[in-house]
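Coordinates in review
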Amino acid sequence: MDIASWWLRLATEDQQYLIANNGDEVREPLRSRVVAAGAVIGSPLWWSISDDPSDSTLADAVTDWIEAVANGETPMP
């Protein structure tokens, strides 16, 4: 599932947290909520979270997408 789809499934407070902390580690329980929304752990696709338990950061393309949303821009799919 692409980020535009799972982003809409997140609670507003989770979206706000990811915007405010963009690029930071995504810790539990937020990590589980992002996965439940549709992000795929361990997928080679750009919207996934690493399957390495010591690395809970979103891919660079995801942080760029979130930054675009935060700036009121229309992010690329």
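Details of the structure are given in the entry above.
Here's what I pulled together on the structure shown here. In this text, all values refer to a predicted model and were calculated from it rather than measured experimentally.

Observations regarding the packing of helix 2 (residues 12–20) against helix 3 (residues 30–37)
- Two elements in contact, helix 2 and helix 3, have axes separated by 11 Å at closest approach and are oriented at 115 degrees. Comparing the axis directions of helix 2 and helix 3 gives the class roughly perpendicular. For the pair helix 2 and helix 3, the crossing hand works out as left-handed. Each of Asp14, Tyr17 and Leu18 in helix 2 lies in contact with helix 3, whose residues at this interface are Leu30, Arg33 and Val34.
- Residues belonging to the contact of helix 2 with helix 3 are distributed by class as follows: 4 nonpolar, no polar and 2 charged.

Observations regarding empty space enclosed by the protein
- Here the structure, examined in full by the defined rule, presents 1 cavity of 30 Å³ or more.
- What lines the largest cavity is simply Tyr17, Leu18, Asn21, Asn22, Gly23, Asp24, Glu25, Val26, Leu58 and Thr63.

Criteria and cut-off values
- Per chain, residues are indexed from 1 in the order of the written sequence.
- Per-residue local features of the predicted model are confined to residues with pLDDT of at least 70, and side-chain atom pairs are confined, for both listing and counting, to 80 or more; whole-chain, interface and lining totals are unaffected and use all residues.
- Derived side-chain values reflect all non-hydrogen atoms in the structure, with water molecules and hydrogen atoms excluded from consideration.
- Only the stretch in contact is used when fitting a helix axis, every axis being a line fitted to C-alpha atoms; angles between N-to-C directions are given from 0 to 180 degrees.
- Runs of H or I in DSSP of at least four residues are treated as helices and runs of E of at least two as strands, each being numbered from the N terminus.
- By definition in this entry, angles of less than 35 degrees are roughly parallel, angles greater than 145 are roughly antiparallel, angles of 65 to 115 are roughly perpendicular, and the rest are oblique.
- Note: crossing handedness is left-handed where the near helix turns anticlockwise from the far helix by less than a right angle, and right-handed where it turns clockwise.
- It only takes one pair of heavy atoms within 4.5 Å for two residues to be counted as in contact.
- Amino acid classes used here: Ala, Val, Leu, Ile, Met, Phe, Trp, Tyr, Cys and Pro are nonpolar; Asp, Glu, Lys and Arg are charged; the rest, including Gly, are polar.
- Grid points spaced at 1 Å over the protein atoms alone were grouped into cavities, where a 1.4 Å probe fits but cannot get out, and pockets, open sets with protein on both sides within 12 Å along at least five of seven lines, with lining residues defined by an atom within 4 Å of a point.
- Grid points are joined across faces, edges and corners, and a volume is the space filled by probe spheres set on the points.

Remember, this is a structural readout, not a statement about activity or role.
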